[in-house]
Amino acid sequence: MRSFRIGTAFGIPIKLDLTFLLVLPLFAYLIGSQITATTELLNDAIAAGIEVDAITTGLTPWILGFTAAVGLFVGILLHELGHSFVAMRYGYPIDSITLWIFGGIAALSEMPEDWRQEFNIAIAGPIVSVLVGLVCYGLFVGVLLVDPFESTPVVSFGTLFVLGYLAVLNVVLAVFNMIPAFPMDGGRILRAFLARNRPYARATETAAEVGKFFAVLLGLFGLFSFNIIMIGVAFFVYIAASTEARQVLTKAALEGVTVADVMTPAERLHTVPPEMAVSELLQKMFTQRHTGYPVMSNGRPVGVVTLDDAREVQPVERDAYTVDDIMTRDLRTISPDADAMEAITTIQQEDIGRLLVVDEFGTVVGLVSRTDLMTALDVIRSSGVESLGDQTEPVR
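Residues numbered from 1 in each chain as written. Predicted model: local features only at pLDDT ≥ 70, side-chain atom pairs only at ≥ 80, totals over all residues. Heavy atoms only, no water.

**Student:** Outline the UniProt feature "binding site: Zn(2+)" (unreviewed entry) in the protein chain, supporting the account with residue identities and numerical values.
**Tutor:** Under the UniProt annotation, the feature "binding site: Zn(2+)" (unreviewed entry) is placed at His79, His83 and Asp185. In three dimensions, the annotated residues from a span of 107 residues occupy one location, with a maximal C-alpha spread of 10.8 Å. Take histidine 79: it is sitting in helix α3 (residues 60-89). Considering the arrangement of structural elements, one finds aspartate 185 in helix α6 (residues 185-194). The buried category is assigned to aspartate 185, whose relative accessible area is 8%. (UniProt positions renumbered as here; feature names shortened; annotations may be inferred. Helix = DSSP H or I, 4+ residues; strand = E, 2+ residues; numbered from the N terminus. Buried < 20%, exposed > 50% of the residue type's maximum accessible area, 1.4 Å probe, protein only.)

**Student:** Give a description of the confidence of the model for the protein chain that names residues and reports values.
**Tutor:** Within the protein chain, residue pLDDT values average 89, and 94% of them lie at 70 or more. Confidence, expressed as mean pLDDT per element, reaches its minimum in the protein chain at helix α14 (residues 370-382) with 83 and its maximum at α6 with 96. Note on residues 385-396: pLDDT under 50 across the span, and 29 contacts to partners over four residues away in sequence or across chains. (pLDDT = per-residue confidence, 0-100. Contact = heavy atoms within 4.5 Å.)

**Student:** I'd like a rundown of the nonpolar core, residues and numbers included.
**Tutor:** By size, the foremost hydrophobic cluster in this structure holds 49 residues, and its most contacted members are Phe20, Ile50, Ile55, Phe73, Ile97, Leu108 and Phe161. When contributions to this core are tallied by element, the ones reaching two or more residues are β2 (12-17), α1 (18-33), α2 (35-46), α3, β3 (94-100), β4 (103-108), α4 (115-146) and α5 (153-177). It is α3 that contributes the most residues to this core, 10 residues altogether. Those residues in contact with isoleucine 97 that lie beyond four places of it in its chain are Ile12, Pro13, Ile14, Lys15, Leu77, Glu80, Leu81, Ser84, Ile105 and Ala106. Leu355, Val357, Leu373 and Leu377 belong to the second largest nonpolar core, which has 20 residues in total. (Core = buried A, V, L, I, M, F, W, Y, C linked by side-chain atoms within 4.5 Å.)

**Student:** I'd like a description of the UniProt feature "transmembrane region" (unreviewed entry) in the protein chain, backed by residues and values.
**Tutor:** Per the UniProt record, the feature "transmembrane region" (unreviewed entry) sits at residues 12-32, 59-78, 90-109, 121-145, 157-179 and 213-241. End-to-end, the C-alpha atoms of residues 59-78 are 29 Å apart, and along that stretch the chain is 95% helix and 0% strand. This span, residues 90-109, is 0% helix and 65% strand, and a straight line between its end C-alpha atoms measures 12 Å.

**Student:** How would you explain the side chain of glutamine 117 if you had to name every residue and give the values?
**Tutor:** Tracing the sequence through the fold places glutamine 117 in helix α4. Judged by relative accessible area, glutamine 117 falls into the buried class, the value being 18%. Of the polar contacts made by the side chain of glutamine 117, one reaches the side chain of tyrosine 92; its length is 2.9 Å. Not counting residues within four places of it along the chain, the set of residues in contact with glutamine 117 comprises Tyr90, Tyr92 and Pro112. (Polar contact = N/O pair within 3.5 Å; in protein donor to acceptor, adjacent residues only side chain to side chain.)

**Student:** Break down the packing of helix α8 (residues 228-253) against α14 for me, citing the residues and quoting the values.
**Tutor:** Two elements in contact, α8 and α14, have axes whose closest approach is 10 Å; the angle formed by their N-to-C orientations is 80 degrees. With respect to α14, the element α8 is oriented roughly perpendicular. Taking contact as the criterion, the partners of Leu249, Thr250 and Ala253 in α8 are, on α14, Leu377, Ile380 and Arg381. Of the residues belonging to the contact of α8 with α14, the class tally is four nonpolar, one polar and one charged. (Axes fitted to C-alpha atoms, helices over the stretch in contact; angles between N-to-C directions. Parallel < 35°, antiparallel > 145°, perpendicular 65-115°, else oblique. Nonpolar A, V, L, I, M, F, W, Y, C, P; charged D, E, K, R; others polar.)

**Student:** Explain the side chain of aspartate 17 to me, and be specific about the residues and the numbers.
**Tutor:** By the element assignment, aspartate 17 lies in strand β2. Of the residues examined, aspartate 17 reaches a relative accessible area of 3% and is grouped as buried. For aspartate 17, the side chain forms a polar contact with the side chain of threonine 19, separated by 2.3 Å.

**Student:** Account for the packing of aromatic side chains, naming residues and giving values.
**Tutor:** The tally for this structure, following the rule as stated, stands at 12 aromatic pairs. Consider the rings of tyrosine 29 and tryptophan 62, whose centres lie 5.8 Å apart with planes at 0 degrees: the pair is stacked. Of the two residues, tyrosine 29 is situated in helix α1 and tryptophan 62 in helix α3; the sequence distance between them amounts to 33 residues. For tyrosine 29, a relative accessible area of 47% puts it in the partly exposed group. Given the relative accessible area of 38%, tryptophan 62 is considered partly exposed. Ring centres of tryptophan 100 and phenylalanine 236 lie 5.0 Å apart, and the angle between their planes is 70 degrees; on these two criteria the pair is classed as edge-to-face. Taken together, the positions of tryptophan 100 in strand β3 and phenylalanine 236 in helix α8 put the pair 136 residues apart, joining distant regions of the chain. We classify tryptophan 100 as buried; its relative accessible area is 10%. Using a relative accessible area of 31% as the deciding quantity, one classes phenylalanine 236 as partly exposed. (Phe/Tyr/Trp six-rings, centres within 6.5 Å; stacked < 30°, edge-to-face > 60°.)

In structure tokens, the structure reads:
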């Protein structure tokens, strides 16, 4: 997601995704356009006593719609802060909280595998939403008791509308999040209970399947009710459940496997010197069927060159340009003792194809590529030693 930082709360960076700038006016419009029906619902549900005519004139519906939409996202932010506070209590740093089209996301640096910790972190958000709803209802009752309607009916009834709306919506948000549609809060609570008596990865797999089932139900509901937002939520839940389950299963399969187990060792590593011509580099790539090489000078790594780098040079200039002219000098390295899962995460986050493996003395001892890691994972799974949480010997 493309996002920008708007501030910090309790040391946690708060970001807005660009989609938030689209959904906020959309929500404001939807609330404002349905203000009559919503007011009647509030009058019936919590005896709001709001006079519809007082808040449906001029720009009042749109002002109230915008105010309620902002208040709703403030509630979502508090919901995510609830998750974050409990996670930080257990020692899990929060990278950021991002508000976007489907609500909010608290980005934990690492997901807890202890079921009690995950349960407490997951349940904290809905609890905060209920508390926010109760606070809004308390303020709503306070405005009713003051009874200032005769002097400023528009302001008074408008205040009642916003507070009543937020009181109800925050409780609805809490209930909706308790649906066991992993990775929503309810789905994480489900995984926590499943992980009490089975391996974490197996619990994740089961919770993800349940989550995808509920995602399909949400999608069908959104389709038949012509609710585009619900369809979007369903799509997000389905994709997110599949992605997190795949990551957890991959981590379980590679448990105990280090970079040294899967890397191409230095003695079998193909390298190129910085003075090699680009035309010669391309011929070498064609002959050896490699698309990337470490660049070595006097026995030390000075860069990495890839096929994409070489393609940027026009064919007529490839004899004149050398590897030194086109190589990437910002080296990404990893220790041979690091977990293979750490290598996968780094490659994905940096969007690169390979990492140089360097020991504590700065000597290149090998190279690990995306292909090396995927091949190792395929071998582990095909050999039937994928443990799903059980201890296994690494495949070398």
